[in-house]
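# Notes for the structure review
Letter by letter, the chains look like this.
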Amino acid sequence: MANLFEEVKNMIVEKLHVTPEKITEDAHFINDLGADSLDITTLLMEVNEKYGIDIPDEDAQKLDTVGKLVGYLKEKLGKE
Amino acid sequence: MTRRVVVTGLGVVSSLGLSIKEFFENLLQGKSGVSRITRFDPANLEVQFAGEIKNFPFTDRFDIKLQRRTDRFTQYALWASLSAVEDAGIDLNKIDKNRTGVIIGSGMGGIETWEIEHIKFLQGGPKKVSPLLVPMMIPDMASGQVSIYFGFKGPNFCITSACASGAHAIGEAFRLIKSGDADLIVTGGSEAPITGYCISSFANMGALSKRNDEPEKASRPFDKDRNGFVLGEGCGVVILEELSSALKRNAKIYCEICGYGASADAFHITAPDETGEGAYLAMANALKEANLSPHDIDYVNAHGTSTKLNDKIEVMAIKKLFKEHSYKLLVNSTKSMVGHLLGGAGAIEFVVTCLSVFHNKVHPTINLDNPDEGMDLDFVRFQMREKEIFGAMNNSFGFGGHNACLIVKKFVGG
């Protein structure tokens, strides 16, 4: 699970075309990483695909920073 | 007072070059941009060649993120629009962006994106479909993205009329400037139809040449052995500008656009009306608006698709309109070299028409070895021609029976 942050980071670099240095726990997808709702949806589809999960819309709306996404995944993947 | 409209900038993306200079030089030399498809393996297709653009370097001028969110037809439009804006020498800080529009036509829109996402939908289900499918696929997105890129807030939409889309777009843009709704419009047409799906439909309807062994000889408008058109791709964009605005900023003026005629065949979904009446009407309407007589026209950039029917009715319509003057016209087909760009055709051919009026040079119609019966006009066979061109006409006819004709003339004084 230690690698989870790195895995998510790599996906963000690939999907949002931002430099790896910008991707911190606190980085906000819209304000810091220049994403819009379409980018975030595309990223979460990739996340769903990679981990075989299905993040519900009501959860997805709350995941506005990298840290929140990684934390959510930790919990979700730990449980399942 | 009538507002006059001039052409002040040109841009293309074509299989014969990504700059106006390279594109026009290759055309004058009679080079073919048609070759075997390399973007994917075409082995299972009945038609394995096209006027394909190899290695389009979009990210040389645009962000990679923009590349990911745009279909190829929009990328072509962005590239050609940027080229045209640069060619026109427009200072983006000095023009009134609220009176600057974008009208770029497309026949198919993002059919490649549509095809890719449809496969994902069938194989993986609804959850696999990209949220970007719709904004990448819809044909108006070229106009939308170009306005976003430059911040142009004037009239903005797309015209879809199959193979006449680009010509209709330019014609409507001309009218909007003439009527006072805008002072400058970035207009043209773009298409990226080279996909297995799209080729299969055209091939199955019998519209395409199947000359797989000699791709560069397949597009042969007006020739006895023509057997269908060749699919092409790319984009043509022009800057149309109200004359006083162009003069105020000392813009280079290629020519004046003075006539636009539109009509319908009201006949058949794919075949042209065999009497040529629809084509004739569009040409006659354009000439009327231009307030020119047939004798003022020196050059016709024909629709010239290389299909049996189109070429036949187009020549009939030209003869009906121009009568004995028909034989003094230079008539060529750009499609003989780049193939048929569908919604991009009327636009890239309008670019050629403007260049010919400006430079007094008319490119050849290649592969016209044996003119078919009744094909007795001066089709500029084999070699380019230098001739003083005053008036020039550009024809486009689309599936559904949509016809559009544009007329430009040499710019004379303010």
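Now for a look at the structure at hand. (Residues numbered from 1 in each chain as written. Chains lettered and ligands numbered in written order. Predicted model: local features only at pLDDT ≥ 70, side-chain atom pairs only at ≥ 80, totals over all residues.)

### Quick notes on the packing of helix H3 (residues 72-87) of chain B against helix H6 (residues 141-150) of chain B
Residues and elements named next belong to chain B.
- One way to put it is that H3 packs onto H6 with a least axis distance of 9 Å and a crossing angle of 45°. The pairing of H3 with H6 is recorded here as oblique in orientation. The crossing of H3 and H6 is right-handed. Contacts between H3 and H6 involve Phe73, Thr74, Ala77, Leu78, Ser81 and Val85 on the former and, on the latter, Met141, Ala142, Gln145, Val146, Tyr149 and Phe150.
- Of the residues contributing to the contact of H3 with H6, the split by class is nine nonpolar, three polar and no charged. (Axes fitted to C-alpha atoms, helices over the stretch in contact; angles between N-to-C directions. Helix = DSSP H or I, 4+ residues; strand = E, 2+ residues; numbered from the N terminus. Parallel < 35°, antiparallel > 145°, perpendicular 65-115°, else oblique. Left-handed = near helix turned anticlockwise from the far one by under 90°. Contact = placed C-beta atoms within 7 Å. Nonpolar A, V, L, I, M, F, W, Y, C, P; charged D, E, K, R; others polar.)

### As for the sheet that holds strand E10 (residues 330-332) of chain B
All names here are of chain B.
- As summarised here, the arrangement of the ten strands in space is E5-E4-E6-E7-E1-E8-E14-E13-E9-E10, forming an open sheet in which the pairing is mixed. Pairing within the sheet leaves two strands with one partner each, and these edge strands are strand E5 (156-157) and E10.
- Where strand E13 (residues 391-398) lies against strand E14 (residues 402-409), eight bridges are found, and the strand directions are antiparallel. Looking at the pairing, asparagine 394 lines up with leucine 406 of E14.
- Across the face of the sheet, helix H13 (residues 345-359) comes into contact with strand E1 (5-13), strand E4 (100-105), strand E6 (184-191), strand E7 (234-242), strand E8 (255-264), strand E9 (297-301), E13 and E14 while running at roughly 60° to E7. (Pairing = 2+ DSSP bridges.)

### Quick look at unusual backbone geometry
Residues and elements named next belong to chain B.
- Backbone geometry places alanine 162, a non-glycine residue, at a positive phi of 50°.
- Mapping alanine 162 onto the fold places it in the loop between E5 and helix H7 (165-178).
- The exposure class of alanine 162 is buried, given the 21 C-beta atoms found within 10 Å.
- Positive phi values are uncommon outside glycine, yet serine 306 reaches one of about 85°. (Buried ≥ 20, exposed ≤ 12 C-beta atoms within 10 Å, placed from the backbone.)

### A word on the pairing of E1 of chain B
All names here are of chain B.
- In terms of burial, E1 is a largely internal element, nine of the nine residues being buried.
- Here eight bridges tie E1 to E7, and the two strands are oriented antiparallel to one another. When the sheet's bridge partners are listed, valine 5 is paired in E7 with glutamate 242.
- For E1 and E8, the ladder comprises three bridges, and the chain directions are antiparallel. Following the sheet pairing, valine 6 is matched in E8 by glutamate 256.

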